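# Report on the structure
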Amino acid sequence: MAGLSRGAPDKVTIKVRGDGTPLGGSQSEVDHREEQKAKEEAARAAAGRATGAELFERARRVLPGGVNSPVRAMKQVGLDPIFIESAEGAEVIDRDGRRYLDWVGSWGPMILGHSDPEVLEAIREAAARGTSFGAATEAEVELAEEVVSRMPSVEMIRMTSSGTEAAMTAARVARAATGREILVKFAGAYHGHSDGLLAEAGSGVATHGIPSGPGIPEAQAAGTVVVPWNDRKAVSEALESHEVAAVFAEPVAANMGVVPPEEGYLEFLREATSRAGSLLVFDEVITGFRVARGGAQELFGVEPDLTVMGKIIGGGLPAAALGGPRELMEKLAPAGDVYQAGTLSGNPLAVAAGLTTLRRLDQEAYERLGHLTDRLVSGLKDLAGEHSLTVGSAPGLVTLFFSALPVKDFDDAVATDRERHAAFFRAMLERGIWLPPSQFEAWFVSLAQDEISIDRTLMAAAEALAATDPRRKIG
Ligand SMILES: Cc1ncc(COP(=O)(O)O)c(C=O)c1O
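Residues numbered from 1 in each chain as written. Predicted model: local features only at pLDDT ≥ 70, side-chain atom pairs only at ≥ 80, totals over all residues.

### A word on the overall build of the chain
As a reminder, the rule being used: Working definition: helices are DSSP H or I runs of at least four residues, strands are E runs of at least two. Numbering for both runs from the N terminus. We compute the radius of gyration from the C-alpha atoms alone; for a globule the expected value is 2.2 Å times N to the 0.38, where N is the number of residues. Any residue whose C-beta has 12 or fewer other C-beta atoms within 10 Å is treated as exposed, any with 20 or more as buried, and any in between as partly exposed, C-beta atoms being built from the backbone. Our contact criterion uses C-beta atoms placed from the backbone: two residues qualify when those atoms are within 7 Å.
Across its full length, the chain holds 16 helices and 14 strands. Here the chain has a C-alpha radius of gyration of 22 Å; the compact-globule value for 475 residues is 23 Å, and the two agree. Counting only C-alpha atoms, the chain reaches 65 × 55 × 45 Å along its principal axes. By the burial criterion, 52% of the 475 residues in the chain qualify as buried. Considering only contacts in the chain between residues 6 or more positions apart, those separated by 24 or more positions represent 75%.

Shown next as C-alpha cells:
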C-alpha cells in the first residue's frame with residue numbers, strides 16, 4: 001500500500017563521512033549548542049527561576065517518578081524528564097530556554113502543530129461562554145456529525161475524556177452485544193491502562209519493561225488472550241478455542257514502534273471475527289484522522305464494528321470517543337442499558353479544539369502530511385541503509401528501528417538495539433531535535449513541519465547515527 005513501509009531499506013543516497021569518524025563536533029552541532037547555551041543562560045538570568053533540574057527535584061517529592069505519565073520520565077534513554085515551558089508551531093521550548101524541533105506532538109494530538117492560532121481562538125471563545133456545564137451543547141452534536149462524516153463505519157459516537165476510557169467502553173459494549181467475555185489483543189498493542197487491556201502492552205509498559213500483572217485481578221488478566229501482530233494462525237486459534245467478544249487491533253500498530261499490517265491482514269481480521277461471531281474493534285486513537293481523513297479504516301477499506309478514537313479528536317485537550325453503528329452504540333445508557341458516563345465528557349473547550357482541528361484537516365492537509373512523511377521516510381531509509389537499520393511508517397507516523405531486520409511484530413521490536421536507540425536519542429536532542437524517548441513509540445509528523453525542518457532532522461540524524469555508530473573506532 002502506498003505510503004506504508006516496513007522492512008529493510010532499499011536505497012542509499014545520503015552520505016555522511018564514510019570513514020566512521022564522529023560528526024559529533026560538526027559545525028552545525030557546535031553552533032546549535034553554543035546558541036542554546038547562551039539562550040539558556042540569558043533565560044535563567046532574566047527569570048531567576050528554578051531550572052528544569054531543580055523542578056525535577058521538587059517534582060520527585062510530589063509526583064511518582066516526577067511525572068504524570070511514565071514515558072515522559074526519559075529514564076529509558078538515560079535522562080531526567082525535560083520540563084516544557086511553551087510550544088509553538090513545530091517547536092517546543094524547555095524550562096531552560098532550549099528550543100527543540102518536535103517530533104512527539106504531545107504523542108499525536110498536535111497534528112496542526114502547537115499553539116495554532118485558530119485552535120487557540122476557538123478555545124478562548126468557548127471558555128468565555130463557560131468551561132464546563134455537565135449538560136448537552138450544540139458543539140458536541142457538530143463534532144459527532146463531523147466524525148460520522150469521516151469514519152466509514154461510524155454512525156454515532158460517545159465521547160469520553162481519554163482513550164483509555166473509550167477502549168474500556170468498547171470492551172463493555174462488545175461484551176454486552178455478544179454475551180461473551182474474552183477479549184483478544186495483540187502483543188505490543190496499547191489500548192490504555194484499563195485492567196483487561198493492559199496485558200503485554202506496548203508503549204510505556206514495554207518501554208519501562210514493566211510486567212503487566214501487578215494490581216490487575218487474575219480474573220481480568222485471564223479474560224484477555226494475547227496473540228502476535230500480523231499472525232493469522234494465532235488469531236484463528238484464539239477465535240476457535242475461546243468464546244471471544246472482541247478482537248482489539250491498532251490497525252497500524254504504533255505502540256511497538258510503527259508496524260503496519262501485512263498485506264490483507266486487516267481483511268483477514270474482518271473475515272475471521274465475523275465468522276466467529278466476535279466483534280472487531282479498531283483502536284484508532286493514533287491512526288484516526290491521521291493516516292487518512294477517515295482513519296485507517298478508510299485507508300485500508302476495512303470497516304470494524306467499533307472504533308476507539310482519541311488524540312486528534314480533542315485537538316490537544318482531553319477528549320476521546322467510541323464510535324460505531326447505531327445498533328451497537330444504542331446499547332449505551334441512556335438509549336440502552338450498558339452504563340457509561342463522564343463528568344467532563346464532551347467538555348466544551350475540548351470539543352471546540354477538536355472540531356476546529358478536524359475542520360482544518362481536509363484533503364489538501366492529508367496530501368501535505370503524506371508528502372512530508374514521504375520526504376522524512378525516504379531520507380531516513382537512505383540513512384538506515386548505510387547503518388543497517390529499518391524504517392516503519394504510515395502516513396504521519398514513522399519509526400527508525402535499531403535493527404537490520406524487518407519489524408513485523410512485538411518480538412521483532414523488542415529485539416532491536418535499545419541502547420543504540422538511547423544513544424541516538426541523546427545525540428538528536430543535543431542537536432535540537434526532540435524525538436519520542438522510546439524505541440516503541442512513533443515520530444508524529446505535523447503540518448507545522450516543512451521541508452526545511454525535515455532536512456534539518458535528516459542532517460542531524462546523519463550526524464547522530466555516525467557519532468553513535470558502534471562500529472566507530474574509539475581513540
Ligand atoms: C492506540 C492507543 N489507544 C489508547 C490509548 C490511550 O489513550 P489515553 O492516553 O488518552 O488514555 C493510546 C495512548 O497513547 C493509544 O496510543
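Still more to cover.
### With respect to the packing of helix α4 (residues 138–150) against helix α12 (residues 348–360)
Short version of the rule: Comment: axis = line fitted to C-alpha atoms, over the contacting stretch for helices; angle = value between 0 and 180 degrees taken between N-to-C directions. Throughout, a crossing is termed right-handed when the near helix is turned clockwise from the far one, and left-handed when it is turned anticlockwise from it by less than a right angle. For this classification, Asp, Glu, Lys and Arg are treated as charged, while Ala, Val, Leu, Ile, Met, Phe, Trp, Tyr, Cys and Pro are nonpolar and the rest, including Gly, are polar.
Here α4 crosses α12 at 35°, and the two axes come no closer than 9 Å. Crossing hand, α4 versus α12: left-handed. For the pair formed by α4 and α12, the contact residues are Ala139, Glu140, Glu142, Leu143 and Glu146 on the first element and Pro348, Val351, Ala352, Gly354, Leu355, Leu358 and Arg359 on the second. Looking at the contact of α4 with α12 residue by residue, the class counts come to seven nonpolar, one polar and four charged.

### Comments concerning the pairing of strand β11 (residues 390–394)
Going by this rule: Only strands that DSSP links by at least two bridges are regarded as paired with each other.
Among the five residues that make up β11, five are buried, leaving the element largely enclosed by the rest of the structure. Pairing of β11 with strand β12 (residues 397–401) involves five bridges; the strand directions are antiparallel. Looking at β12, one finds that Thr390 is bridged to Phe401.

### Thoughts on the site of the ligand
Using the following cut-off: Only the C-beta atom matters for this test: placed from the backbone, it must lie within 6 Å of a molecule or strand for the residue to be near it.
With respect to spatial proximity, 16 residues lie near the ligand, and among them Ser162, Gly163, Thr164, Gly192 and Val285 are the closest. Residues that form the shell around the ligand fall into these classes: six nonpolar, eight polar and two charged.

### Examining the environment of Ser153
Within the secondary structure, Ser153 is located in the loop between α4 and β4 (156–160). With 19 C-beta atoms counted inside 10 Å, the residue Ser153 sits in the partly exposed group. Counting along the chain gives 125 residues from Ser153 to Ser278, while the straight-line C-alpha distance between them is 16 Å. Those residues in contact with Ser153 that sit more than four places away from it in its chain are Gln297, Glu303, Pro304, Thr307, Gly324 and Pro325.

### Some thoughts on the sheet that holds β4
Strands sit in the order β4-β10-β9-β8-β7-β5-β6 across an open sheet of seven strands; the sheet is mixed. A strand with exactly one partner marks an edge of an open sheet, and here the two such strands are β4 and β6 (224–227). For this sheet the average axis-to-axis angle between neighbouring strands, irrespective of direction, equals 20°. In terms of strand pairing, β4 meets strand β10 (residues 320–324) through five bridges, oriented antiparallel. When the sheet's bridge partners are listed, Met156 is paired in β10 with Gly324.

### Quick look at the nonpolar core
Rules: Connectivity within a nonpolar core runs through C-beta atoms within 7 Å, and the core itself is a set of buried Ala, Val, Leu, Ile, Met, Phe, Trp, Tyr and Cys residues. Domain delimitation in this document rests on an assignment produced automatically or drawn from a domain database.
By size, the foremost hydrophobic cluster in this structure holds 140 residues, and its most contacted members are Ala170, Ala246, Val247, Val281, Val398 and Met428. Among the elements that line this core, the one with the most residues is helix α16 (residues 451–467), at eight residues. In terms of domain composition, this core takes at least three residues from each of domain 1 (27–111 + 363–467) and domain 2 (117–360). For Val398, the contacting residues outside a window of four places in its chain are Val258, Thr373, Leu376, Val377, Leu380, Val391, Ser393, Ala442, Trp443 and Val445.

### Quick word on the sheet that holds strand β14 (residues 443–444)
Reading across from one edge, β11-β12-β14 is the order of the three strands in this open sheet, with antiparallel pairing throughout. Bordering the open sheet on either side are β11 and β14, each of which pairs with just one other strand.

### Description of the domain arrangement of the chain
Under the domain assignment used here, the chain contains domain 1 (27–111 + 363–467) and domain 2 (117–360). Its C-alpha centre places domain 1 at a distance of 26 Å from the equivalent point of domain 2. Taken residue by residue, the interface counts 32 residues in domain 1 and 33 residues in domain 2. Counting residues per element, the ones that place at least two in the side of domain 1 that touches domain 2 are α13 (363–387), β11, β12 and α14 (410–414). The element that contributes the greatest number of residues to the side of domain 1 that touches domain 2 is β12, accounting for four residues. A breakdown of the residues in the side of domain 1 that touches domain 2 according to their chemical character gives 17 nonpolar, ten polar and five charged.

### Quick look at the environment of Ser106
You can see Ser106 is positioned in the loop between β3 (99–102) and α3 (117–128). For the pair Ser106 and Phe444, spaced 338 residues apart in the sequence, the C-alpha separation amounts to 8.7 Å.

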